[in-house]
Amino acid sequence: MGEKMVDKVTRLMKEQKQIRNIAICAHIDHGKTTFSDNLLAGAGMMSEELAGKQLVLDFHEDEQARGITIDSASVSMVHAFKGDEYDEYLINLIDTPGHVDFGGDVTRAMRAVDGCIVLCCAVEGIMPQTETVLRQALKERVKPILFINKVDRLIKELQLTPEQMQERFVKIIASVNEFIAKIAPDEFKKEWQVNVQDGSVCFGSAFHNWAMSVKYMQENSVSFKDIIDAYKSGGEDYKELRKKAPIHEVILNAVIRHLPDPVKAQAYRIPKLWHGDLESEEGKSLIKCDPKGSLFFVITKVVVDPQAGEISAGRLFSGTMTKGTDVYLNRAKQGMKVQQVFIYNGAKREIVNNVPSGNIIGIAGVKGAPGETITLKETEPFEEIVHLFEPVVTKSIEAKSPADLPKLIEVLRMVQKEDPTIKVEINEETGEHLLHGMGELHLEVVENRIRTEKGVEVTTSPPIVVYREAITKKTPQDVEGKSPNKHNKIYFTVEPLDQQTKDLLKSGEVAEGRIKKKDITMRDKFVACGWDTKDADKIKDVFNGNIFVDQTRGIVYINEIIELVLDMFEDVMNAGPLAKEPCVGVRVNMTDCKLHEDAIHRGPSQMYPAVREGIRGAIMISSPMLFEPVQTLQFEAPDEYMGEISKLISNKRGQLLEMNQEGPEVVVKGKLPVGEMFGMTSDLRSATGGRGNQFLVDQNFEKLPEEMQPKIIKQIRDRKGLGENQ
């Protein structure tokens, strides 16, 4: 009887050089889950016959029913590899969803891993979703390798010659490399390029369980011709391929050769992800991934298990996580106790006493949200995990029977933890609860889960679109805000941010949040966008795409009130003066203030109204307008439906961006307002006889047409029950 798998995992988790933390990222339906099943089967975690059909990692009922992955699942496996120094490796894999509505899961998975396998379909090539996920990976400094899947379709369906197949591969590889060169951090633009010669590109068929890389072909003398012959014979010869070139062997060899171990990766990832002092003891321990150093654990996913309660999975960056330790949650600002520590064996959890840094683990007993940094004592947390797109569709949700109300509130809090791209607003006063999500499908899935898994019967309103408020010109003069006791006066101007600054904020290169100490690199980024150096130095807060600048000079008590001013700045940015919708692209300047010298006369009850009145007043005289969310979508359908798709776009106030014909398919890009998109999926189905698909490429806010402004503002105000002066 050989060594048990659990014992292997426990033994290898201490050998940091032999660990690889990886994720799979791809477009929906490019075969990710089938692919991860095969890797598991190869590592002896499930039967080979079932691989690709069992979908081990999709264990939610709705995932199996819809045939898509919704939650990312963690899995650990051991791979034997005749390498230069070690022969066994522990591979921690996170399977992530490809559907854009669940993109938040992908974003968070990238924080926990150091490398990723970009999976792309040989027939369809690189898709918008693949790019979104890859962009997220590169932003988190995660190194990619490429796997081109569904090669069997090129041979069987498209009957391409070997030369044509090679042409197609070259095109896919070139577009991935171009993307890496554009987005990767400067020092890795060249180093992270994937290429066929060194084996960082593999191709194969996850469905038929085989894969190839040039390296593997050389070592095991298999050629491309063997593959084509196996399919051409018409029989089941292709089944032999999985013995000659098993997919897990080829892929995991490439992972071990090309993706970094935790120690190597943390040296360049930590400076980007953690903004504390790198020279401090904590900083050094993080950079070295030191198991004896300070404890740093980042939660990337919370799963609620009916037996074990809340399990927080994530990456241990430094220190050793031990059962029974008292820890501190830096974002929630509270202490808790770790009751259990888990490692993953396949998708099953095994309880262990302690785990050293560099691993992906689960802990129970700590109730934290994804993105939380857990340490022993209070310190600088890791930077927030920011998702590329924000939620733009809202539904109000109520319990069918009033008796279920307390249970519903608890369930909603749980839902928000399990999927932080859902924002839940619980209004205890009116009893109205709002769910904000990425799109119709997203909210539908969450709603179903509440009904089936959490057992609460709910009713929901039709979906509502979330608008943004913005200004179109600079305030002509300073606007004064007075405190109720008339002793304090604060003066503000507001102006719209220019496009360059907006792009900078959207790119995520500038961290959101209040700025306590001078940050020269940040100042330089703003100066590069055309800001005046003095102003760039005085930025005090970057909040949801808005900026606060303190332009006052020589005010004695400014430091005592600045936090109060920023509280109210954030408050107005969350609910603007037009219709209490969030503001976007607004720069607020505090130009001057006259303060009472006695601290008692300038407390929150005096300062808050003064600041709110000043900023709202300034916005109201700067031609404020509503901006609506606009999504750029890519449609695909057989070419005879070209006319139908363009009709569909123009009927929904959309704008046609480009139209390309690729073989018998037509690919159309269009920009549509989210407000017009409800029922889009069914409209598209009926217009294309069920053969059309749509994918989200990008999302922005654009000006709502003038003639619709008053009507929509009134609608929102009525819905929120706002009086004239609110």
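Scroll up to find the structure this text is about.
Residues numbered from 1 in each chain as written. Predicted model: local features only at pLDDT ≥ 70, side-chain atom pairs only at ≥ 80, totals over all residues. Heavy atoms only, no water.

S.K.: Honestly, the overall build of the protein in this entry has me stumped. Any pointers?
M.R.: Per the secondary structure count, the protein includes 23 helices and 33 strands. Long-range contacts, defined here as pairs at least 24 residues apart, represent 72% of the contacts in the protein between residues at least 6 apart. (Helix = DSSP H or I, 4+ residues; strand = E, 2+ residues; numbered from the N terminus. Contact = heavy atoms within 4.5 Å.)

S.K.: Sorry, what's going on with the sheet that holds strand β27 (residues 539–543) here?
M.R.: Two strands in a sheet stick together by hydrogen bonds in their backbones, pointing the same way (parallel) or opposite ways (antiparallel). Spatial ordering of the open sheet is given by β24-β25-β29-β28-β27-β26, a layout of 6 strands whose pairing is mixed. Edge positions in the open sheet fall to β24 (479–482) and β26 (513–514), since each of these has one partner strand only. Direction of pairing for strand β28 (residues 546–550) relative to strand β29 (residues 586–594): parallel, over a ladder of 4 bridges. Directly across from F548, in β29, lies its bridge partner V588. (Pairing = 2+ DSSP bridges.)

S.K.: So what exactly am I meant to see when it comes to the packing of aromatic side chains here?
M.R.: Under the counting rule described, the total for this entry stands at 10 aromatic pairs. Ring centres 6.4 Å apart and planes at 50° place the aromatic pair W210 and Y231 in the tilted group. Here W210 is found in strand β7 (residues 210–212), whereas its partner Y231 is found in helix α9 (residues 224–232), with 21 residues between them in sequence. Using a relative accessible area of 1% as the deciding quantity, one classes W210 as buried. Put simply, the rings of W274, F296, F317 and F382 pair up and form one aromatic cluster. A cation over an aromatic ring shows up here: R587 above the ring of W531, its NZ or CZ 4.4 Å from the ring centre. (Phe/Tyr/Trp six-rings, centres within 6.5 Å; stacked < 30°, edge-to-face > 60°. Buried < 20%, exposed > 50% of the residue type's maximum accessible area, 1.4 Å probe, protein only. Lys NZ or Arg CZ within 6 Å of the ring centre and 35° of its normal.)

S.K.: In this structure, what is going on with helix α5 (residues 128–139)? I would like to understand it.
M.R.: Note: α-helices contain 3.6 residues per turn, so residues at a spacing of three or four share the same orientation. The end-to-end C-alpha separation of α5 is 17 Å, in line with the 16 Å expected for 12 residues at 1.5 Å each. Across the 12 residues of α5, 9 count as buried, placing the element largely inside the fold. Buried within α5 we find P128, Q129, T130, T132, V133, L134, Q136, A137 and L138. R141 sits one or two residues past α5 and shows a positive phi near 60°. (Expected span 1.5 Å × (residues − 1).)

S.K.: What is the right way to read the packing of helix α19 (residues 558–574) against helix α20 (residues 604–620) from this model?
M.R.: The description of two helices packed together rests on the angle between their axes and the distance between the axes. Close contact between α19 and α20 brings their axes to 9 Å; oriented N to C, the two are set at 45°. The angle between the axes of α19 and α20 places the two elements in the oblique class. Between α19 and α20 lies a crossing whose hand is right-handed. Packed against α19, whose contacting residues are I561, L564, V565, D567, M568, F569, D571, V572 and M573, the element α20 presents P604, M607, Y608, V611, R612, I615, R616 and I619 at the interface. Considered class by class, the residues forming the contact of α19 with α20 number 13 nonpolar, no polar and 4 charged. (Axes fitted to C-alpha atoms, helices over the stretch in contact; angles between N-to-C directions. Parallel < 35°, antiparallel > 145°, perpendicular 65-115°, else oblique. Left-handed = near helix turned anticlockwise from the far one by under 90°. Nonpolar A, V, L, I, M, F, W, Y, C, P; charged D, E, K, R; others polar.)

S.K.: Which parts of the structure should I look at to understand the nonpolar core?
M.R.: Across soluble globular proteins, nonpolar side chains show a tendency to be buried alongside one another. Counting 75 residues, the largest nonpolar core has F35, M110, L146, F147, I148, I251 and V255 as its most contacted members. Those residues within four positions of F35 in sequence are excluded, and the remaining contacts are I24, I117, L119, F147, A206, I247 and I251. With 31 residues, the next largest nonpolar core counts L408, I422, V458 and V465 among its residues. (Core = buried A, V, L, I, M, F, W, Y, C linked by side-chain atoms within 4.5 Å.)

S.K.: Explanation requested: the packing of α5 against helix α7 (residues 162–183) in the structure shown.
M.R.: Two elements in contact, α5 and α7, have axes separated by 10 Å at closest approach and are oriented at 40°. With respect to α7, the axis of α5 lies oblique. When you trace α5 past α7, the crossing you get is right-handed. Where α5 approaches α7, its residues E131, L134, R135 and L138 are matched on the opposing element by V176, F179, I180 and I183. Across the contact of α5 with α7, the residue classes break down as 6 nonpolar, no polar and 2 charged.

S.K.: Sorry if this is basic, but what is going on with the pattern of salt bridges here?
M.R.: Any two side chains of opposite charge can pair if their charged atoms end up close together. Per the stated rule, a full pass over the model turns up 30 salt bridges. Ionic pairing is found between K156 and D152, a salt bridge with its closest N-O pair at 3.9 Å. Remark: D152 and K156 occur in helix α6 (residues 151–156); sequence separation between them is 4 residues, near one turn of the helix. (Salt bridge = Lys/Arg side-chain N within 4 Å of Asp/Glu carboxyl O.)

S.K.: Before we go on, may I ask you to explain the environment of G324 in this structure?
M.R.: Summarising the element assignment, G324 is placed in the loop between β10 (320–322) and β11 (326–329). For G324, a relative accessible area of 36% corresponds to the partly exposed category. A C-alpha to C-alpha distance of 9.7 Å links G324 and N354, two positions 30 residues apart in sequence. Those residues in contact with G324, other than ones at most four positions away along the chain, are K337 and V338.

S.K.: In this structure, what is going on with the sheet that holds strand β14 (residues 348–352)? I would like to understand it.
M.R.: Across the sheet, which stays open at both edges, the 8 strands sit in the order β12-β11-β17-β8-β9-β16-β13-β14 with antiparallel pairing between neighbours. Two strands close off the open sheet at either side, each with one partner strand: β12 (334–337) and β14. Mean inter-strand twist for the sheet, computed between neighbouring axes without regard to direction, equals 40°. In terms of strand pairing, strand β13 (residues 340–345) meets β14 through 5 bridges, oriented antiparallel. What sits directly across from N345, in β14, is K348.

S.K.: Hey, could you run me through the side chain of S396 in this one?
M.R.: By secondary structure assignment, the location of S396 is in strand β18 (residues 393–399). A residue is classified by how much of its surface remains accessible, and S396, at 10% relative accessible area, is buried. Sequence-distant contacts of S396, defined by excluding residues within four places in its chain, comprise E432, H433, L434, T459, T460 and S461.

S.K.: Which parts of the structure should I look at to understand the pairing of β11?
M.R.: Each regular strand displays side chains that alternate between the two surfaces of the sheet. Inspection of the sheet shows β11 paired to β12 by 4 bridges, in the antiparallel sense. Bridge pairing in β12 links Y328 to G335. A loop of 4 residues connects β11 with β12, the two strands running antiparallel in sequence, and K333 in this loop sits at a positive phi of about 55°. Here β11 pairs with strand β17 (residues 373–375) via 2 bridges, running antiparallel. Paired with L329 across the bridge in β17 is I374.

S.K.: I tried to follow the environment of G335 on my own but got confused; where do I start?
M.R.: With respect to the helices and strands, G335 occurs in strand β12. As for G335 and T375, which are separated by 40 residues in sequence, their C-alpha atoms are 9.6 Å apart. For G335, the residues in contact, after removing those within four places along its chain, are V327 and Y328.

S.K.: Sorry if this is basic, but what is going on with unusual backbone geometry here?
M.R.: For residues that are not glycine, phi is negative in most cases, and the peptide bond is trans in most cases. Of note in this structure, K580 is not a glycine but carries a positive phi near 55°. Mapped onto the elements, K580 comes out in the loop between α19 and β29. Residue classification places K580 among the partly exposed residues on the basis of a relative accessible area of 31%.

S.K.: Explain the pairing of strand β4 (residues 115–121) here, please?
M.R.: Of all 7 residues that make up β4, 7 are buried, and the element is covered over most of its length. Burial along β4 is two-sided: the face carrying G115, I117, L119 and C121 and the face carrying C116, V118 and C120 are both buried. Bridge count between β4 and strand β5 (residues 143–149): 7 bridges; the pairing is parallel. Paired with C121 across the strands is N149, a residue of β5. Following the chain from β4 across α5 to the adjacent parallel β5, one finds a crossover that is right-handed. (Right-handed = clockwise from strand over helix to strand, strands pointing away.)

S.K.: When you look at helix α11 (residues 247–258) in this model, what are you seeing that I'm missing?
M.R.: In this model α11 runs 16 Å from its N-terminal to its C-terminal C-alpha over 12 residues, within 8% of the 16 Å that 1.5 Å per residue would give. The buried count for α11 comes to 10 of 12 residues, which makes it a mostly enclosed element. Taken as a whole, α11 has its buried residues at I247, H248, V250, I251, L252, N253, A254, V255, I256 and H258.

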